[in-house]
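# Remarks on the overall topology
Residues per chain are reported as follows:
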Amino acid sequence: MNNKPIPDPEKVKKTVRELKALCRQFDLLNFQLDELTAYVDAEIRKSPLIAHRLGKTPQQTIDRD
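Residues numbered from 1 in each chain as written. Predicted model: local features only at pLDDT ≥ 70, side-chain atom pairs only at ≥ 80, totals over all residues. Heavy atoms only, no water.

Moving on, we come to a nonpolar patch on the surface. Side chains of Leu19, Leu22, Phe26, Leu29, Leu33, Leu36, Tyr39, Val40 and Ile44 sit close together on the surface and give an oily, nonpolar patch of about 830 Å² of accessible area. Its place among the elements puts Ile44 in helix α1 (residues 9-46). Relative accessible area serves as the criterion here: at 41%, Ile44 is assigned to the partly exposed category. (Patch = residues over 30% accessible without salt bridge, like charges linked within 9 Å, V, L, I, M, F, W, Y side chains within 5 Å. Areas by Shrake-Rupley, 256 points an atom, 1.4 Å probe, with all protein chains shown as cover. Salt bridge = Lys/Arg side-chain N within 4 Å of Asp/Glu carboxyl O. Helix = DSSP H or I, 4+ residues; strand = E, 2+ residues; numbered from the N terminus. Buried < 20%, exposed > 50% of the residue type's maximum accessible area, 1.4 Å probe, protein only.)

Right, dumping it as structure tokens:
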């Protein structure tokens, strides 16, 4: 059998706290990326060039949303 030493409980608690903080940072980053993606999508839909390629006027594209 593998006899591994029992880790220090305080070190385990500290590691868990740090991992939770890191997860919160990733959650915030993902939220910010989602907002940026939504903003960029909206800007693309308003683009006259995109509207021209789709054969629509910018007003038709905006009304569709």
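Per-residue confidence for the protein gives a mean pLDDT of 85, with 83% of residues at or over 70. Across the protein, the secondary-structure element scoring lowest on mean pLDDT is helix α3 (residues 58-64), at 54, and the one scoring highest is α1, at 95. (pLDDT = per-residue confidence, 0-100.)

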